[in-house]
There are 2 protein chains.
Amino acid sequence: MMNTNIKNEIPYKIYLTEDEMPKAWYNLRSAMKNKPAPLLNPGTGLPMTAAELEGVFCAELVAQELDNDTPYFEIPQEIRDFYKMYRPSPLVRAYCLEEKLGTPAHIYYKFEGNNTSGSHKLNSAIAQAYYAKKQGLAGVTTETGAGQWGTALSMACGYLGLDCKVYMVKVSYEQKPFRREVMRTYGASVTPSPSDTTAVGRKILAENPGTTGSLGCAISEAVEAAVSTPGYRYVLGSVLNQVLLHQSIIGLETQAALDKVGVKPDIIIGCAGGGSNLGGLIAPFMRDKINGDLDCRIVAVEPASCPSLTRGVYAYDFCDTGMVCPLAKMYTLGSSFIPAPNHAGGLRYHGMSSILSQLYDDGLMEAVSVPQVEVFKAAEEFARVEGILPAPESSHAIKAAIDEALKCKETGEAKNIVFGLTGTGYFDLVAYQKFHDGQLDDYIPTDDDLAKSLAKLPHLG
Amino acid sequence: MMNTNIKNEIPYKIYLTEDEMPKAWYNLRSAMKNKPAPLLNPGTGLPMTAAELEGVFCAELVAQELDNDTPYFEIPQEIRDFYKMYRPSPLVRAYCLEEKLGTPAHIYYKFEGNNTSGSHKLNSAIAQAYYAKKQGLAGVTTETGAGQWGTALSMACGYLGLDCKVYMVKVSYEQKPFRREVMRTYGASVTPSPSDTTAVGRKILAENPGTTGSLGCAISEAVEAAVSTPGYRYVLGSVLNQVLLHQSIIGLETQAALDKVGVKPDIIIGCAGGGSNLGGLIAPFMRDKINGDLDCRIVAVEPASCPSLTRGVYAYDFCDTGMVCPLAKMYTLGSSFIPAPNHAGGLRYHGMSSILSQLYDDGLMEAVSVPQVEVFKAAEEFARVEGILPAPESSHAIKAAIDEALKCKETGEAKNIVFGLTGTGYFDLVAYQKFHDGQLDDYIPTDDDLAKSLAKLPHLG
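Residue numbers run consecutively from 1 along every chain, following the written order of its sequence. As a convention, the first chain written is A and the first ligand written is 1, with the rest following in written order. Per-residue local features are limited, in this predicted model, to residues with pLDDT of at least 70; the limit for side-chain atom pairs, both in listing and counting, is 80 or more; totals at the level of whole chains, interfaces and linings are taken over all residues. Values reported for side chains reflect all heavy atoms of the structure, with hydrogen atoms and water molecules removed beforehand.

## Overview of the domain arrangement of chain A
Residues and elements named next belong to chain A. Threshold: For each domain, the first and last residues come from an automatic or database assignment. Once two parts are brought into contact, the accessible area they lose, counted with a 1.4 Å probe and summed over both, makes up the buried area. Any Lys or Arg side-chain nitrogen found within 4 Å of a carboxyl oxygen on Asp or Glu counts as a salt bridge. N or O atoms within 3.5 Å of each other form a polar contact, as long as, within protein, one can give a hydrogen and the other can take it, and as long as residues adjacent in sequence are counted only when both atoms are side-chain atoms. Every helix listed is a DSSP run of H or I at least four residues long, and every strand listed is a run of E at least two residues long, numbered separately from the N terminus. The nonpolar class holds Ala, Val, Leu, Ile, Met, Phe, Trp, Tyr, Cys and Pro. Asp, Glu, Lys and Arg form the charged class, and all remaining residues, Gly among them, are polar.
Taken domain by domain, chain A consists of domain 1 (13-23 + 88-116 + 249-454) and domain 2 (25-73 + 119-234). A separation of 23 Å is found between the C-alpha centroids of domain 1 and domain 2. In this assembly, domain 1 packs against domain 2 so that about 3100 Å² is buried in total across both faces, 65% of it on carbon and sulfur atoms. Inspection of the domain 1/domain 2 interface yields one salt bridge. At the junction of domain 1 and domain 2, the tally comes to nine residue pairs in polar contact (both at pLDDT 80 or more). Mapped by element, the contributors of at least two residues to the side of domain 1 that touches domain 2 are helix H11 (241-260), helix H12 (276-290), strand S12 (313-318), strand S13 (327-332) and helix H14 (354-361). Per-element accounting of the side of domain 1 that touches domain 2 gives the leading share, seven residues, to H12. In terms of residue class, the side of domain 1 that touches domain 2 is built from 19 nonpolar, twelve polar and six charged.

Quick look at the structure:
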């Protein structure tokens, strides 16, 4: 498995040609022996049916959500054309980082930040917008926190001429006017949440007049807006099976690029919030691992301040704080869990995609958590040698990759380390500023903190 | 010359391989029959000697600045390695824009925004930092307005371990804290200008206590800091011959990419402030045009609010408002000219590179000016169909390219239009917000305005 390439035999950036780009998404569930648990109707405790889900999501996306068996879904030509505007993304050999670390390890990263949304989120946004358009819908609704997903969806809808209503967590709406402005440029309407445009928003405002909002609240508003407006459906940027399916383009391209240069990964590392990037990056590699064709460690990296895999429980929980969404079985900290206010590194979701949760529970995937000050140090070190200013989310993977590369330095092993660099930090400079000014610290939830939110898990009949 | 390729025969993005990347910069001056006029010492009125320039600039850069004859300068391996981190940049076929416009024209753009500095400026920043490092200097000083150049130089210096002192126009320092923060991430020190760290800064502050600074003032401070600090030199991001030399990488890559797909350009379009992007983009094409090997229009696009080529005079003028720098012969509006306060589109320099000025004066290049509201409309239209949120500067070229493509629609000609997309607008969202809110208008300087600043041109003995 050790790679003996000398510098420059492998280029700095490995690009597929457009002809080599994947023509189908890969459904990792088809390779899983233990399938992810189904979504449950919180009222009945029974698995959600296609008919129930189609009130909220487009029909084709519901079919993708529920299909645990079909290995490949063809990518429609229109989506492939859109992908060509910003894909294939480069697989970069981190020569400069290797040299800085003095490690014999070979480090590669799949860089998803070369598009205006600044992250991998666009891969699923265009797919979800496409199926909505194909179904003849007038528009879609969604929520956004930091704004990456909202931007991605705005771009996709702008391209297809589909209306896009974004509920943006109020505190982000006020603190991140630039993200809001990008969405406006692409023609989306952006509403600070909670708002008086929905019943659930008005209820929350009445109960908490001064609230600055939360992702869970914004989800509830976006869902209500979708189901109460004819011709609209709701879309979500992570967690769901369909999203991981679309994001498999990341892993398929990565595997094809590694194959081009004859490299097998020893360790694959990805940051994990809801799991969309990690689930996409690992999809074909996990299949090969399950089938015994690849001997490779797969590592999820999460913030120590929001440690769903490393300190959560594997149970059915609500996907949103408003408790209006279906129940998903996942590693969760409880749907009422909120990371400490000074957490600046993203990846704030209380749970983890059902697919990744099942793989972790089956021992096919490892998980580590890292404190945020170390994450920003790794981000800055990376930026100075590799040029790219990384998103705080992505920097969790950088930190873990550096740690693995330094272990290789101790052992003298030339392991092939592959990590996902999900995006850029151009809209996260407030977090960098806090880091530079020494205003970030590491608040790690206590066991008591977690016990409180876990006590509110739903009780199933 | 007409291209008859059908959609998808030419890929969306044409990439060179790393082996195909240029190994030398091209010196356009070597092909010019009328050479650009030399820099003059403002005290003596005589051409600046190498010895005089070496007090301010590194020796190797001075040699590049003064050499009108050598066609190619080899790119040192270290710089080529750095280029590989973010180059080759893609030459993109704008299929989606063509379809939106319904034009038979074939539109290509060379996209220089896929790096953290967000623009082409990095191409010269790494070169200038490299020669400073090679000369054994401790650091470099520079000025920055909007921040693209300062960011690029910070990245290059961070990579090479060279100290970097940036004088940032005070109003930008205060209004663009994110740009400042990126520079800090790369280890640069950023000082708002005017400051009390230089004699010229203290003088300006004493005379204008409430001033928010200007680029000309920041240049004066950066030059003083360089010449008064042992082991430091000054670097500049545009206008100079050396900068256009480094930026020739843009044009060389563009020509190689077009050759790969068998396309000859009919029109080449670039935005022009100081001229670094345009001079780099056109370098090999202008050579071919001068030699009679290429029949092609070359068009400079400038803001109607800062129209140095279209409304300036061709004369010797100061490069800075502080009048401490050498005199350059250029199309100029006068070194005291400042665009209207509501001008949000960049390209604010009062003059134009001597190389481009001479080519324009020789009738080898055309120039058009465009009002900013039209520029932002074109930017938004482009963003929605091509995905990329363009910098306002770059959007001047977009506007001109769209206009040419629409002319082709009228005439039915399938011309090949190539333009330079110099960068992204991620740090220009305040300008986009003003555009969306209807707060931008078009103030075009009156003849009286121009007469006032032109009256202050230096009188040469």
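## Remarks on the side chain of Ser195(B)
Residue and element names in this part refer to chain B. Under the convention used in this document: Only protein chains enter the accessibility calculation, which uses a 1.4 Å probe; a residue whose area is less than 20% of its type maximum is buried, one above 50% is exposed, and one in between is partly exposed.
Along the polypeptide, Ser 195 turns up in the loop between strand S8 (189-193) and helix H9 (199-207). Overall, the relative accessible area of 5% leaves Ser 195 in the buried class. Here Thr 197 takes part through its side chain, which lies 2.8 Å from a polar atom of the side chain of Ser 195. In terms of polar contacts, Ser 195 uses its side chain to reach the side chain of Glu 221, at 2.7 Å.

## Quick notes on empty space enclosed by the protein
Spelled out, the test is: Of the two site types, the cavity is a set of points on a 1 Å grid over the protein atoms alone where a 1.4 Å probe fits but cannot get out, and the pocket is an open set with protein on both sides within 12 Å along at least five of seven lines, each lined by residues with an atom within 4 Å of a point. Grid points are joined across faces, edges and corners, and a volume is the space filled by probe spheres set on the points.
For the structure on display, the rule yields eight cavities of 30 Å³ or more. Lining of the largest cavity is provided by 42 residues; of these, Phe111(A), Asn114(A), Asn115(A), Phe111(B) and Asn114(B) occupy positions nearest its centre. Mapped onto the lining of the largest cavity, the elements with two or more residues apiece are helix H3 (77-86) of chain A together with helix H3 (77-86) and strand S5 (106-111) of chain B. Classifying every residue of the lining of the largest cavity by side-chain character gives 25 nonpolar, 13 polar and four charged. Quantified by volume, the second largest cavity comes out at close to 60 Å³. In terms of lining residues, the second largest cavity is bounded by Tyr26(B), Asn27(B), Leu28(B), Arg29(B), Asn241(B), Leu244(B), Leu245(B), Ser248(B), Gly279(B), Ala283(B) and Ile355(B). Elements represented by at least two residues in the lining of the second largest cavity include exactly helix H11 (241-260) and helix H12 (276-290) of chain B. Per-element tally for the lining of the second largest cavity: the top contributor is H11(B), with four residues. Residues that form the lining of the second largest cavity fall into these classes: six nonpolar, four polar and one charged. Each of domain 1 (13-23 + 88-116 + 249-454) and domain 2 (25-73 + 119-234) of chain B gives at least three residues to the lining of the second largest cavity.

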